[in-house]
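Architecture and fold: a report
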Amino acid sequence: MPEKKEYKVIGTRPIRHDGVDKVTGRALYGADFHTAGLLHGRVLRSPHAHARILSIDTSRAEAYPGVKAIVTAKDLPDAADKVADLGEGAVHLKYLCDNILASDKALYKGHAIAAVAATNAHIAEEACALIDVAYEVLPPVLEVRQAMEPAAPLLHETLKTGSLGETAEEPSNVASHLQHKKGDIEAGFAEADVIIEREFVTGTVHQGYIEPHNATALYNPDGQLTVWCSTQGAFTVREQLTEILQYPISKIKVVPMEIGGGFGGKINVYVEPVAALLAKKTGKPVKVLMNRADVFEGTGPTPASFIRVKMGATKDGKLTAAQTHLAFEAGAYPGSPVGAGAMCIFAPYDIANVLIDGYDVVVNKPKSAPYRAPGATNAAFGSETVIDELAKELNIDALEFRIMNGAKEGVKRADGPVFPRIGFIESVEAAKQHPHYTSPNGKKHHGRGVASGFWFNIGLASSVSISVNPDGTINLVEGSTDIGGTRASIAMQAAEVLGIPAESVNPSVVDTNSVGYTAVTGGSRTTFATGYAAYEAAQDVKRQLIARAAKLWEVDEEDVQFADGEFSCINGKEAQLSFHDLSARLGETGGPVVGSAAVNPPGAGGAFATHIVDLEVDEDTGKVQILRYTATQDAGKAIHPSYVEGQIQGGVVQGIGWALNEEYIYNAEGTMTNASFLDYRIPTCLDLPMIDTVIVEVPNPGHPYGVRGVGEVPIVPPPAAIANAIYDAIGIRMTELPMSPDRMLKAMGKI
Amino acid sequence: MQAFEYVAAQTVPEAVAVLKEKGQQARVLAGGTDLIVQVREAKRDVDWMVDIKAIPEVNVLTHDSQNGLRLGAAVPCYQIYGTESICESFPALVDATKIIGGTAIQGRACVGGNLCNASPAADCIPPLIVLNAICVIAGPGGEKELPVGAFCTGPGQTALERGEMLVALKIPQPSSHSSSYYLRFIPRNEMDIAVVGAGAAVTLDAAQETIVSARIALAAVAPTPLFAEEASALLAGREISDAAIDEAAAAAQAIARPISDMRGTAEQRTHLVGVLTRRALKGAIQRVLDA
Ligand SMILES: Cc1cc2nc3c(=O)[nH]c(=O)nc-3n(C[C@H](O)[C@H](O)[C@H](O)COP(=O)(O)OP(=O)(O)OC[C@H]3O[C@@H](n4cnc5c(N)ncnc54)[C@H](O)[C@@H]3O)c2cc1C
């Protein structure tokens, strides 16, 4: 076991800095934004899943009293053949623009076609109905295997499959094919005594954040564009706006409002450019809000997938080979998370021979957006079910089987990286020893299942600056949207360095003009990377304060020591000052102290989780009730344990929803028939037991405090764990998500 | 949301007059938990909302063993399950009023609104059918009565004619050794519309061994909630047994004509009719035995 470091602030549970504003309802979200002369925008959306746009006639709408402007794709700069650089790789600019306002084709029901700005939202809505759009309706392609058929209708006439560096001759709905290879797959299966091969299907699911997308835009007469919105990253909004609008980045300021959830779905822009276009045309501030149906039909989701998994093991329980075919729906434009799914699928295991093929396939559904460990949950549903089946076949305890084959430091993943110190085995051990796992489970129709999951986490750039106040507190300025308590977890890292309480830090999340570049709150990176920047900025403050103390005491800087919030002289001279007292003396020692840091830390350190679930199946109705749930996870170091627990619980709940009821239900025309929270069934508190959490701490060598990102991996195991528990309860393997009551009844042969 | 005119009627004739004059353009506003939502989602085009909540007659709630229950059309759900004698005599109706929405919705949603909205999946309608409720209707021609089973004519369609409104529901006092039960199947434990609903009312003999009479009604398996007449009739005079209950469940399944939609498939619904009919009958019988 690694040595336990003693911390004063880290590992405690202070009240979050944004807590009072949020619980009193005073926190300002995008929809709360108001300014003089504000106009209201509304987006007209395609009623067809696949159609050519023949013409758009806005004359009737323009004549409607109260209407101030109407925009269509024609108001966007010409994007043909341009490539946009969004920092994380090149993107076809036409795809990016067409998803904001369709130019030639509507590619999903809900695709934005035009937008109106009017003096109030009701007028804008009524005017939308007066826009005459002529469509040539085309047959929709709604499922990944169908889309891959050579005869399938094409979404993009110019899209050709990119496969392992080559581009195909003929257009196709398959945007790309990727492959990861390790060892010799044939030899691996030849070595195996038991081989299991299964096919899995997962449904289209939405991130389901409570707050719909919103944006208000204003152009000043000097050409300065300001956008207030709900986003996971103000800087990524700025980058996307500069590309989509072809407008200088220096003339765009993005102000992040509070955010009511994102889960990956608030990284892509939707209404932000639309608000900007309307603002430009009217010269007035314009606010555009989505409603829930807009959110379901026009944003997100994370894609449906078809997955084949084949794994082999020797009779003494050693995994020898693993192969998978992952076909993911990208939605209307390329960019499904199949790549991430391919990185994660077999990562928890040390397997010598692996072959992974992934396909990114366009279909007539909204362009997919990241969702908490994107791609990994789909993938783990396949692999973790097969792992369970192998363990049963071999008569080895399912957790023991994972320990026997678990990845450790030095193991190379099929996609290349070699693991540093990781805590997979520790997370499985924690589950195995947990009273939940050791308790008896034998009632009729009750089942217990386990599954593990991996998410690689990301680092990327973050900037923080800290100024010292004369009363011994600090103001901490950061650019990371606070979705899950990161103001607190970042502030705590600075507080630890400076030996002050968390409450002595005032963290603010500011706009893109007011802090250095900071990448999105996503990839479980914020407590890791922005926390790292806070650590470094605090070190900068500490160095400067040491210089001030040295100046006061007329000694060399090397002779000043800082420990436990106290500066002291170590050259024999009796001198001591607390952080608090020294901060009051900045004026006389040279003026204000501002520390800052910009980081791009490479060692994000992967996260592993193992879950145990007990459930009951109603054999008459097919309904599954979750009875008990325990999640273990390696957090590296839990800065604020309550928020780590919260992240784990939230991820588990979303995973349970995905497993049991959540899915986009489409009719034959490609219309989602359940675009509301009534029929898109996210679990309510009445559907859930208390989710028990166990935080395992195997410090990440890539972070000064050992932090690993924790936000995403907890969504990965639930569907597989639940499928495995259903098998335990009724002896039936469910291979399609969601495992909703009708699918359960079918699987049980009752209908 | 579209703009509309709002009228707070003070008397039944006043409401009736507006409804008659405006016809299709006007709708009665009771709790508004269906109507406002439908107008906001542009699923219903309404130019006149006629609020009836200020009218005394539609707020009446009286119950005695002589006259049974009189339930004004605008009495909210919470008042029903909040009245002890109603809970004792009409438990199926109480089951339904307790599962409509959450506490906030129950504070405003009415049984009358649930009926007049005429959803095939409405939770109150099967209980009203098995409890033999009578609709009291006011219109330009005065007052009339109609058995609840004849009230719904299609999804969102009722027997109400131009200018008519529901004033109250009358439910006769059940005889002794009677009880009732309503349940629905939903994928979650809250927040869903019934995939299938089933209500049952039973009267047992004094020895509590034989079913004297039974009524079964179903929701969400046809364009309107259904009275399962044959299934109900075949229980009369039968000894309480699984076999009798199974036969009734099969007869109820035979009349279901469900569709497949985002709430469930037709096969699933037909299957569930059997399951829920059994559970509703057993639930009602158990309530008699426990009383
Ligand atoms: C969050 C939520 C959850 C819900 N859950 C459920 C549920 O679980 N089960 C369920 O069945 N329903 C549910 N509903 C629907 C609704 O709450 C019920 O149908 C409720 O009983 C309707 O009553 P109301 O008084 O609000 O009707 P209103 O909305 O006022 O009226 C409904 C319809 O009936 C007409 N109407 C009302 N009163 C009269 C009258 N006296 N004469 C003539 N016409 C009249 C109106 O014009 C309108 O068309 C839910 C609604 C919401 C918003």
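Residues numbered from 1 in each chain as written. Chains lettered and ligands numbered in written order. Predicted model: local features only at pLDDT ≥ 70, side-chain atom pairs only at ≥ 80, totals over all residues. Heavy atoms only, no water.

Focus on the pattern of salt bridges
Residues and elements named next belong to chain A. Operational definition: One speaks of a salt bridge when a side-chain nitrogen belonging to Lys or Arg is within 4 Å of a carboxyl oxygen belonging to Asp or Glu. Strands here mean DSSP runs of E at least two residues long; helices mean DSSP runs of H or I at least four residues long; both are numbered from the N terminus. In this scheme, a residue with accessible area under 20% of its type's maximum is buried, one over 50% is exposed, and one in between is partly exposed, where area comes from a 1.4 Å probe on protein chains only.
Evaluated as defined, the whole model comprises 55 salt bridges over all chains. Between Arg402 and Glu384 there is a salt bridge whose closest N-O contact spans 2.7 Å. Note that Arg402 is positioned in helix α12 (residues 398-405) and Glu384 in helix α11 (residues 376-394), a separation of 18 residues in sequence. Neither residue differs from the other here; Arg402 and Glu384 are each classed as buried.

A closer look at the pairing of strand β10 (residues 165-171) of chain B
Residues and elements named next belong to chain B. Applicable threshold: Two strands are counted as paired when DSSP detects at least two bridges linking them.
With six of its seven residues buried, β10 lies for the most part within the structure. For strand β5 (residues 68-72) and β10, the ladder comprises four bridges, and the chain directions are antiparallel. Bridge pairing links Arg70 to Lys170 in β10. Two elements, strand β6 (residues 134-139) and β10, share five bridges in a ladder whose sense is antiparallel. By the bridge assignment for β10, Val136 is matched with Ala168.

Things to note about unusual backbone geometry
Of the consecutive residues Gly300 of chain A and Pro301 of chain A, the connecting peptide bond is found in the cis state with omega at -25°. If you trace the backbone, Pro301 of chain A turns up in the loop between α9 (292-298) and β17 (305-313). Residue Leu737 of chain A is joined to Pro738 of chain A through a cis peptide bond whose omega torsion reads -5°. Even without a glycine there, the phi angle at His445 of chain A is positive, about 65°. Position of His445 of chain A relative to the elements: it lies in the loop between α14 (435-438) and β20 (446-455). A positive phi angle is found at His177 of chain B, which is not glycine, with a value near 60°. Residue position: His177 of chain B is located in the loop between β10 and β11 (178-185).

Concerning the domain arrangement of chain A
All names here are of chain A. For the record, the criterion: For each domain, the first and last residues come from an automatic or database assignment. By definition in these notes, contact holds between two residues if any of their heavy atoms fall within 4.5 Å. The term buried area refers to how much accessible surface (probe radius 1.4 Å) is lost by two components on association, counted for both of them together. Residues adjacent in sequence count toward polar contacts only when both atoms are side-chain atoms; beyond that, a polar contact is any pair of N or O atoms within 3.5 Å, and within protein one must be able to donate a hydrogen and the other to accept it. Residues were grouped as follows: Ala, Val, Leu, Ile, Met, Phe, Trp, Tyr, Cys and Pro as nonpolar; Asp, Glu, Lys and Arg as charged; and all remaining residues, including Gly, as polar.
Split into domains, chain A comes out as domain 1 (33-138 + 211-260 + 266-298), domain 2 (301-457 + 605-747) and domain 3 (459-599). Contacts between the two partners involve 17 residues from domain 1 and, on the opposite side, 20 residues from domain 2. Per-residue buried area on domain 1 facing domain 2 is highest for Tyr95, Leu107 and Phe296; these three make up 38% of the total on that side. At the boundary of domain 1 and domain 2, one finds zero salt bridges. The interface formed by domain 1 and domain 2 holds four residue pairs in polar contact (both at pLDDT 80 or more) in total. When residues of the side of domain 1 that touches domain 2 are traced back to their parent elements, those giving at least two are α3 (93-100) and α9. Ranked by residue count, the leading element in the side of domain 1 that touches domain 2 is α9, at four residues. For the side of domain 1 that touches domain 2, the residue count by class is nine nonpolar, four polar and four charged.

Points about helix α13 (residues 424-433) of chain A
When you tally the buried positions in α13 of chain A, you get seven out of ten residues, the bulk of the element. For α13 of chain A, every residue scored as buried is listed here: Phe424, Ile425, Glu426, Ser427, Val428, Ala430 and Ala431 of chain A.

Quick word on the interface of chain B and chain A
Between chain B and chain A, the contact holds 21 residues from the first and 28 residues from the second. In total, about 2200 Å² of surface goes out of reach between chain B and chain A, with carbon and sulfur atoms giving 53% of it. Its largest share of buried area at the contact with chain A, chain B owes to Arg188, Asn189 and Met262 of chain B, together 29% of the area lost on that side. Across the contact surface, chain B and chain A share four salt bridges.

Focus on the pairing of β20 of chain A
Consecutive side chains along a regular strand alternate between the two faces of the sheet. All names here are of chain A. For β20, the buried fraction is high: ten of the ten residues fall into the buried class. The sheet contact formed by β20 and strand β28 (residues 607-617) spans ten bridges and is antiparallel. Counterpart to His446 in the pairing with β28 is Glu616.

Points about the site of the ligand
All names here are of chain B. Quick reminder of the rule: Near residues are defined by distance, with any heavy atom within 4 Å of the molecule or strand qualifying the residue. Note on areas: Shrake-Rupley with a 1.4 Å probe; residue coverage comes only from the protein chains shown.
Taken together, 27 residues lie around the ligand, and Val28, Gly32, Thr33, Asp34 and Asp123 are the ones closest in. Within the contact set of the ligand, an oxygen atom lies 2.7 Å away from a backbone nitrogen or oxygen of Gly31. For the ligand, an oxygen atom lies 2.5 Å from a polar atom in the side chain of Thr33. Compared with its free state, where it exposes 980 Å², the ligand has 88% of that area covered by protein. Counting residues per element, the ones that place at least two in the shell around the ligand are β2 (26-29), α7 (111-117) and β10. Per-element tally for the shell around the ligand: the top contributor is α7, with four residues. Its residues assigned to classes, the shell around the ligand shows 16 nonpolar, seven polar and four charged. Counting contributing residues, the shell around the ligand receives three or more from each of domain 1 (5-51) and domain 2 (65-171).

Some words on the sheet that holds strand β27 (residues 594-599) of chain A
Residue and element names in this part refer to chain A. Operational definition: Here an angle of 0 to 180 degrees is reported between the N-to-C directions of two axes, which are lines fitted to C-alpha atoms, with helices fitted over the stretch in contact.
What the four strands build is an open sheet, ordered β23-β22-β21-β27; its pairing is mixed. Each end of this open sheet is capped by a strand with a single partner; those strands are β23 (505-509) and β27. The mean angle between the axes of side-by-side strands here comes to 15°, regardless of whether they run parallel or antiparallel. Sheet topology note: the strand β22 (residues 474-478)/β23 ladder contains five bridges and is parallel.

What to know about the environment of Leu101 of chain A
Residue and element names in this part refer to chain A. Looking at where Leu101 falls in the secondary structure, it is placed in the loop between α3 and β6 (105-106). Sequence separation of Leu101 and Arg45 is 56 residues, and the distance between their C-alpha atoms is 9.2 Å. Those residues in contact with Leu101, other than ones at most four positions away along the chain, are Val71, Thr72, Ala73, Leu76, Ala112, Ile113, Ala114, Val274 and Leu277.

Concerning the sheet that holds β10 of chain B
Residues and elements named next belong to chain B. Spatially, the five strands line up as an open sheet ordered β4-β5-β10-β6-β7, and their pairing is antiparallel. Unpaired on one side and paired on the other, β4 (61-64) and β7 (142-147) mark the two borders of the sheet. The sheet shows a mean angle of 20° between the axes of neighbouring strands, direction not considered. Across six bridges, β6 lies against β7 in antiparallel orientation. Each bridged residue has a counterpart across the sheet, and for Gly139 the counterpart in β7 is Gly142. Across the sheet, helix α1 (residues 12-22) touches β6 and β10, and the angle it forms with β10 is around 130°.

Side note on the packing of helix α15 (residues 486-498) of chain A against helix α16 (residues 526-553) of chain A
Residue and element names in this part refer to chain A. For clarity, the threshold we go by: Note on angle classes: values under 35 degrees are labelled roughly parallel, values over 145 roughly antiparallel, values of 65 to 115 roughly perpendicular, and the remainder oblique. For a crossing to be left-handed, the near helix must be turned anticlockwise from the far one by less than a right angle; the clockwise case is right-handed.
One can describe the packing of α15 onto α16 by two numbers: an axis separation of 8 Å at closest approach and a directional angle of 30°. On the basis of the axis angle, α15 is roughly parallel to α16. Crossing of α15 over α16 shows right-handed handedness. Residues Thr486, Ser489, Ile490, Gln493, Ala494, Val497 and Leu498 of α15 form the contact with α16, whose own contacting residues are Thr526, Thr527, Thr530, Gly531, Tyr532, Ala534, Tyr535, Ala538, Gln539, Val541 and Lys542. Each residue belonging to the contact of α15 with α16 can be placed in one class, and the counts come to nine nonpolar, eight polar and one charged.

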